[in-house]
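Take a look at the letters that make up each chain.
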Amino acid sequence: MNENVHILTHPLLQHKVTILRNETTSTKDFRELVGEIAMLMTYEATRDLPLEDVSVKTPIATDTFKTLSGKKIAIVPILRAGLGMVDGVLAMIPSARVGHIGLYRDPKTLEPVKYYCKMPADIAEREILIVDPMLATGGSSCAAIDFMKEYGCKHIKMMNIIAAPEGIARVQKEHPDVELYIADVDKKLNEHGYIVPGLGDAGDRIFGTK
Ligand code: PRP
Ligand code: URA
């Protein structure tokens, strides 16, 4: 793995991801945990945001302090499951815009099929944070990254809660410039393209559709 792959080891993250994996975790708890995990991951994925000096008058004195230097950020969830992470990211970056990409995996070919897209008008000028709980074969993530690059986006990060080694390798090969933030790396994919041990189908577990 190159230096653009960041495996996040914070104990709170590991604890919450373990609860997500449990098949007895309810839809309500699962959805809440995905939001909390996204919030914690955002903290890690924004460590390199640039700061600038600003003068502030406190009730006691005037001095120079740090403030974010106006980076424009867009969160791009891959529908459906990525939607579960949006509120957590927005809790940390309330002024971010949100662009949506609808992709589903064809269950036979495992290839991503695009069915929806709506981006902010100035998307090419923004720092992009793609969010999707699962990075399995990497097909959906690579399609989403291709798509953002076609829009002219230059700085792209992606946050996945659980990743398979196959998916990480594919994204690194096709998009070595993209920074990956991952809470846990699992063993492998099964014959249906599911991550083992994983957590099952993230979209179904967030939205209670199975
Ligand atoms: C899941 C997941 C990713 C994709 C990962 O979505 O949320 O987008 O699979 O698999 P890949 O790395 O092999 O492409 P899914 O296609 O199940 O759609 P959904 O979110 O609408 O359920
Ligand atoms: N998509 C999911 O939701 N889960 C997996 O394990 C793989 C792809």
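For the structure itself, consult the block above.
About the criteria used
- Residues numbered from 1 in each chain as written.
- Chains lettered and ligands numbered in written order.
- Predicted model: local features only at pLDDT ≥ 70, side-chain atom pairs only at ≥ 80, totals over all residues.
- Heavy atoms only, no water.
- Helix = DSSP H or I, 4+ residues; strand = E, 2+ residues; numbered from the N terminus.
- Rg over C-alpha atoms; globule rule 2.2 N^0.38 Å.
- Buried < 20%, exposed > 50% of the residue type's maximum accessible area, 1.4 Å probe, protein only.
- Contact = heavy atoms within 4.5 Å.
- Areas by Shrake-Rupley, 256 points an atom, 1.4 Å probe, with all protein chains shown as cover.
- Lys, Arg positive; Asp, Glu negative; His and termini not counted.
- Charge placed at Lys NZ, Arg CZ, Asp CG, Glu CD.
- Pairing = 2+ DSSP bridges.
- Salt bridge = Lys/Arg side-chain N within 4 Å of Asp/Glu carboxyl O.
- Near = heavy atom within 4 Å.
- Polar contact = N/O pair within 3.5 Å; in protein donor to acceptor, adjacent residues only side chain to side chain.
- Nonpolar A, V, L, I, M, F, W, Y, C, P; charged D, E, K, R; others polar.

J.: Looking at this structure, how should I read the overall build of the protein?
T.: Helix and strand counts for the protein stand at 6 helices and 13 strands. The C-alpha radius of gyration computed for the protein amounts to 18 Å, which stays within 12% of the reference 17 Å derived for 210 residues, consistent with globular compactness. Principal-axis analysis of the C-alpha atoms gives the protein an extent of 65 × 40 × 30 Å. Within the protein, the fraction of its 210 residues that count as buried is 46%. Restricting to contacts in the protein with at least 6 residues of sequence separation, those with at least 24 account for 62%. For the protein, the exposed surface amounts to about 11,000 Å²; the carbon and sulfur share of it is 54%. A gap of 3 Å separates the mean positions of the 25 positive and 28 negative side-chain charges of the protein.

J.: Just checking my understanding: could you explain the pairing of strand 6 (residues 100-105) for this structure?
T.: Within a regular strand, the side chains alternate between the two sheet faces. Relative to strand 6, strand 4 (residues 73-79) runs parallel, the two sharing 2 bridges. Residue pairing in the sheet places Ile78 in a bridge with Ile101 of strand 6. In this sheet, strand 7 (residues 112-118) lies alongside strand 6 in antiparallel orientation, the contact comprising 6 bridges. Bridging from a neighbouring strand, Ile101 pairs with Cys117 of strand 7. Hairpin remark: strand 6 followed by strand 7, antiparallel, with 6 residues in the connecting loop; positive phi at Leu110, about 65°.

J.: Would you take a moment to explain unusual backbone geometry for this structure?
T.: Peptide bonds are, in most cases, trans, and in most cases residues other than glycine have a negative phi. Omega for the bond connecting Leu79 with Arg80 falls within 30 degrees of zero, at -5°, which places this linkage in the cis form. For Arg80, the location among the structural elements is in the loop between strand 4 and helix 3 (83-92). Across the junction of Val196 and Pro197, the peptide omega takes the value 0°, indicating a cis bond. Mapped onto the elements of the fold, Pro197 is located in the loop between strand 13 (195-196) and helix 6 (202-207).

J.: What is the right way to read the pattern of salt bridges from this model?
T.: Once their charged atoms are close, side chains differing in charge can pair, the charge on each being opposite to the other. Following the criterion strictly, the structure yields 14 salt bridges and no others. Salt-bridge contacts for Glu44 lead to Arg47; the nearest nitrogen and oxygen are separated by 3.1 Å. The salt bridge involving Lys72 is made with Asp122; its shortest N-O contact spans 3.3 Å. Of this pair, Lys72 sits in the loop between strand 3 (62-68) and strand 4 while Asp122 sits in the loop between strand 7 and strand 8 (127-131); the two residues are 50 residues apart in sequence, bridging distant segments of the chain. In this structure Lys72 comes out as partly exposed when scored by relative accessible area, which is 34%.

J.: Explain the site of ligand 1 here, please?
T.: Around ligand 1, the structure places 15 residues, and the nearest of them are Arg105, Asp132, Ala136, Thr137 and Ser140. Between an oxygen atom of ligand 1 and a main-chain N or O atom of Ala81, the distance comes to 3.1 Å. In the model, an oxygen atom of ligand 1 is placed 2.7 Å from a nitrogen or oxygen of the Arg105 side chain. Look at ligand 1: alone it shows 500 Å² of surface, and the protein chains cover 91% of it.

J.: Teacher, can you tell me more about the site of ligand 2 here?
T.: Lining the immediate environment of ligand 2, one finds Arg105, Met134, Ala136, Gly193, Tyr194, Ile195, Gly200, Asp201 and Ala202. In the model, an oxygen atom of ligand 2 is placed 2.8 Å from a nitrogen or oxygen of the Ile195 main chain. Within the backbone of Ala202, an N or O atom sits 2.8 Å from an oxygen atom of ligand 2. Coverage of ligand 2 by the protein amounts to 88% of the 230 Å² it exposes when considered alone. Within the shell around ligand 2, the residues separate by chemical class into 5 nonpolar, 2 polar and 2 charged.

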